[in-house]
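# Analysis of the macromolecular model
Chain by chain, the residues:
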Amino acid sequence: MGMARVIVAISGASGAAVAVDVLHLLKERAVEVHLIVSHWGAITLEHETGMRTRDLQPLVHTIHSNKNMASALASGSYPVDAMAIVPCSARTLGAIAQGTDPSLLGRAADVCLKERRKLVCALRETPLSAIHLANALAVTNAGGIVAPLVPTFYANPHSVSDIVHDMASRIVESLGFRVESSPHWGENTGLEIHRSDAPALSESSSDNIHALNN
Ligand SMILES: Cc1cc2nc3c(=O)[nH]c(=O)nc-3n(C[C@H](O)[C@H](O)[C@H](O)COP(=O)(O)O)c2cc1C
């Protein structure tokens, strides 16, 4: 198999720093990344990181205009391994659920679903309305992975950049690339519980602790 080819899309939700970290992690793994940034994605990127879309060029193979429907990414005939939308706005999630988005980002996501390729939508919205939840279900039923940007508190993050890095690592692992430094329960994180210190346990939770220690 040749080099992996992945589409990363940045939409206009908060959390652009996670996308930048995803691009670094994919570059370290020699992945050929095709980047799409929506209009509001570019604005939130600049607001939250101070970076312009063109500043991301060194991290990626190609930046595609979100208006260019003649891009290779608009066709299922162009081989792509996976796509991540980081962060994914509620608007973009809804547009993908409908399958009618007029942008390249929406079309590329639609292509991933129809070709049964991996699509990871790192949704960033809270609270969620019934409309958001229905859209998340529609995308999930179509084969997409809705992976909200949620911190990994059990990894005991010490800084915002730890949290950002954990979120980015999770997304990169969902795309199918191993991130050794990412928290893996039972490998580099876990509970230190010894039987004598443990509170009285029901039989089933005692079995769980036993499994954890073995
Ligand atoms: C600074 C800023 C932060 C935003 N944060 C979010 C967010 O976290 N989630 C969300 O769904 N929309 C958020 N929005 C609104 C979206 O940008 C807006 O819905 C836009 O139409 C999304 O377009 P896009 O999906 O094509 O990028 C934010 C907008 C701005 C300006």
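One can find the structure itself at the top, above this paragraph.
Here the structure is a predicted model, which means the values were calculated and not measured. (Residues numbered from 1 in each chain as written. Predicted model: local features only at pLDDT ≥ 70, side-chain atom pairs only at ≥ 80, totals over all residues. Heavy atoms only, no water.)

As a further point, take the overall build of the protein. Broken down by element type, the protein carries seven helices and six strands. Counting from the amino terminus, the protein carries its helices and strands in the arrangement β-α-β-α-β-β-α-α-β-α-β-α-α. Across the 214 residues that make up the protein, the buried fraction comes to 45%. Restricting to contacts in the protein with at least 6 residues of sequence separation, those with at least 24 account for 76%. About 11,300 Å² of surface is accessible on the protein, with carbon and sulfur atoms providing 55% of the total. (Helix = DSSP H or I, 4+ residues; strand = E, 2+ residues; numbered from the N terminus. Buried < 20%, exposed > 50% of the residue type's maximum accessible area, 1.4 Å probe, protein only. Contact = heavy atoms within 4.5 Å. Areas by Shrake-Rupley, 256 points an atom, 1.4 Å probe, with all protein chains shown as cover.)

Glancing now at the pattern of salt bridges. Across all of its chains, the model carries seven salt bridges by this definition. Of the charged contacts in the structure, one is a salt bridge between Arg 52 and Glu 46, with a shortest N-O distance of 3.4 Å. A salt bridge links Glu 187 to Arg 178, with the nearest nitrogen and oxygen atoms 2.8 Å apart. (Salt bridge = Lys/Arg side-chain N within 4 Å of Asp/Glu carboxyl O.)

Two elements in contact, helix α1 (residues 16–28) and helix α6 (residues 160–174), have axes whose closest approach is 8 Å; the angle formed by their N-to-C orientations is 55°. Between α1 and α6, the crossing angle belongs to the class labelled oblique. Two packed elements cross with a definite hand, and for α1 against α6 that hand is right-handed. For the pair α1 and α6, contact is made by Ala 17, Val 18, Asp 21, Val 22, Leu 25 and Leu 26 and by Val 164, His 165, Met 167, Ala 168, Ser 169, Ile 171 and Val 172, respectively. (Axes fitted to C-alpha atoms, helices over the stretch in contact; angles between N-to-C directions. Parallel < 35°, antiparallel > 145°, perpendicular 65-115°, else oblique. Left-handed = near helix turned anticlockwise from the far one by under 90°.)

For the ligand, the set of nearby residues contains 13 residues, the closest of which are Gly 12, Ser 38, Ser 89, Thr 92 and Arg 124. Here Thr 92 contributes a side-chain N or O atom positioned 2.5 Å from an oxygen atom of the ligand. Compared with its free state, where it exposes 640 Å², the ligand has 71% of that area covered by protein. At the level of secondary structure, the elements contributing two or more residues to the shell around the ligand comprise α2 (39–49) and α3 (90–98). Element by element, the count of residues in the shell around the ligand is highest for α3, at three residues. Tallied by class, residues from the shell around the ligand come to three nonpolar, seven polar and three charged. (Near = heavy atom within 4 Å. Polar contact = N/O pair within 3.5 Å; in protein donor to acceptor, adjacent residues only side chain to side chain. Nonpolar A, V, L, I, M, F, W, Y, C, P; charged D, E, K, R; others polar.)

Take the packing of aromatic side chains next. For the coordinates displayed, the defined rule picks out one aromatic pair. Ring centres of Tyr 154 and Trp 185 lie 5.5 Å apart, and the angle between their planes is 90°; on these two criteria the pair is classed as edge-to-face. Of this pair, Tyr 154 sits in the loop between β6 (145–146) and α6 while Trp 185 sits in the loop between α6 and α7 (203–213), and the two are 31 residues apart along the sequence. (Phe/Tyr/Trp six-rings, centres within 6.5 Å; stacked < 30°, edge-to-face > 60°.)

Attention shifts here to the nonpolar core. Residues Leu 26, Ile 171 and Leu 175 are the most contacted members of the largest nonpolar core, which totals 35 residues. Residue assignment for this core shows that the elements contributing at least two residues are β1 (5–10), α1, β2 (32–37), β4 (82–88), β5 (118–123) and α6. With eight residues, the top contributor of residues to this core is α1. Setting aside residues no more than four positions away along its own chain, Leu 175 makes contact with Val 6, Leu 26, Ala 82, Met 83, Ala 84, Lys 118 and Val 120. Among the nonpolar cores identified, the runner-up in size contains 23 residues, and Leu 104, Cys 112, Leu 119 and Val 139 belong to it. (Core = buried A, V, L, I, M, F, W, Y, C linked by side-chain atoms within 4.5 Å.)

Right, let's get into the sheet that holds β6. In space, the six strands of this open sheet follow the order β3-β2-β1-β4-β5-β6, with parallel pairing throughout. With partners counted over all chains shown, the strands left at the sheet margins are β3 (62–64) and β6, one partner each. Here β4 runs beside β5; their pairing, made up of five bridges, is parallel. From the neighbouring strand, Cys 88 faces β5, where its bridge partner is Leu 123. Strands β1, β2 and β4 of the sheet are contacted by α1, whose axis makes an angle of about 165° with β1. Each of β1, β2, β3, β4 and β5 touches helix α4 (residues 104–114); the most contacted strand, β4, lies at about 135° to it. (Pairing = 2+ DSSP bridges.)

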